[in-house]
Amino acid sequence: MEERQARTAFAALSQETRLRIVRLLVQAGPEGMAAGAVAEAVEVSPSNVSFHLKDLEHAGMIVPRREARSIIYSADFTGLRDLIAFLMKDCCAGHPEICAPALIAAQCLPSKPKKARA
């Protein structure tokens, strides 16, 4: 991940509702959640959640897929893993064992869900 991508991701995650959405989708796993269920869970209007979902998608933190008439959103686990790796790169002044627990935790993230084809 390049610095520009990391800044975009951090900017998206710095907003309270968007951070709550990403954490919710991480908990949901690769199956993801419909936009309406996300709106209900984070207690915002559907139009408001749509705005936040688009920003998170642009930042590479979530991916949408179409299932029938619904759009299902999932955490982009590869994007999240890349963001963690960006933070941990060149870690700890030559003492990588300090960062090892965070890197091990990042390895447990599921693989990136497949993007829907248009």
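Residues numbered from 1 in each chain as written. Predicted model: local features only at pLDDT ≥ 70, side-chain atom pairs only at ≥ 80, totals over all residues. Heavy atoms only, no water.

As annotated in an unreviewed UniProt entry, the protein is DNA-binding transcriptional regulator, ArsR family from Bradyrhizobium shewense.

Undergrad: Any details on the pairing of strand β2 (residues 62-67)? Residues and values, ideally.
TA: Successive residues of a regular strand alternate their side chains across the two faces of the sheet. In this structure, β2 lies alongside strand β3 (residues 70-75), joined through six bridges in antiparallel fashion. Its bridge partner lying in β3, Glu67 is registered against Ser70. (Pairing = 2+ DSSP bridges. Helix = DSSP H or I, 4+ residues; strand = E, 2+ residues; numbered from the N terminus.)

Undergrad: I'd like a rundown of the packing of helix α2 (residues 16-28) against helix α4 (residues 46-58), residues and numbers included.
TA: Contact pair α2 / α4: the axes reach a minimum separation of 10 Å and the direction vectors enclose 75 degrees. Between α2 and α4, the angle falls in the class roughly perpendicular. Across the interface between the two elements, Thr17, Arg18, Ile21 and Val22 of α2 pack against Val49, Phe51, His52, Leu53, Asp55 and Leu56 of α4. Along the lines of polarity and charge, the residues of the contact of α2 with α4 split into six nonpolar, two polar and two charged. (Axes fitted to C-alpha atoms, helices over the stretch in contact; angles between N-to-C directions. Parallel < 35°, antiparallel > 145°, perpendicular 65-115°, else oblique. Contact = heavy atoms within 4.5 Å. Nonpolar A, V, L, I, M, F, W, Y, C, P; charged D, E, K, R; others polar.)

Undergrad: Please set out unusual backbone geometry residue by residue, giving values where relevant.
TA: Only a minority of non-glycine residues have a phi that is not negative, and only a minority of peptide bonds are not trans. Positive phi is not limited to glycine here, since Glu43 has a value of about 60 degrees. Counting through the fold element by element, Glu43 comes out in the loop between α3 (35-42) and α4.

Undergrad: Could you give an account of the pairing of β3, naming the residues involved and the relevant values?
TA: Pairing of strand β1 (residues 33-34) with β3, which is carried by two bridges, proceeds in the antiparallel orientation. By the bridge assignment, Ala34 is partnered in β3 with Ile72. Counted along the chain from β2 to the antiparallel partner β3, the turn is two residues long, and its residue Ala68 has a positive phi close to 55 degrees.

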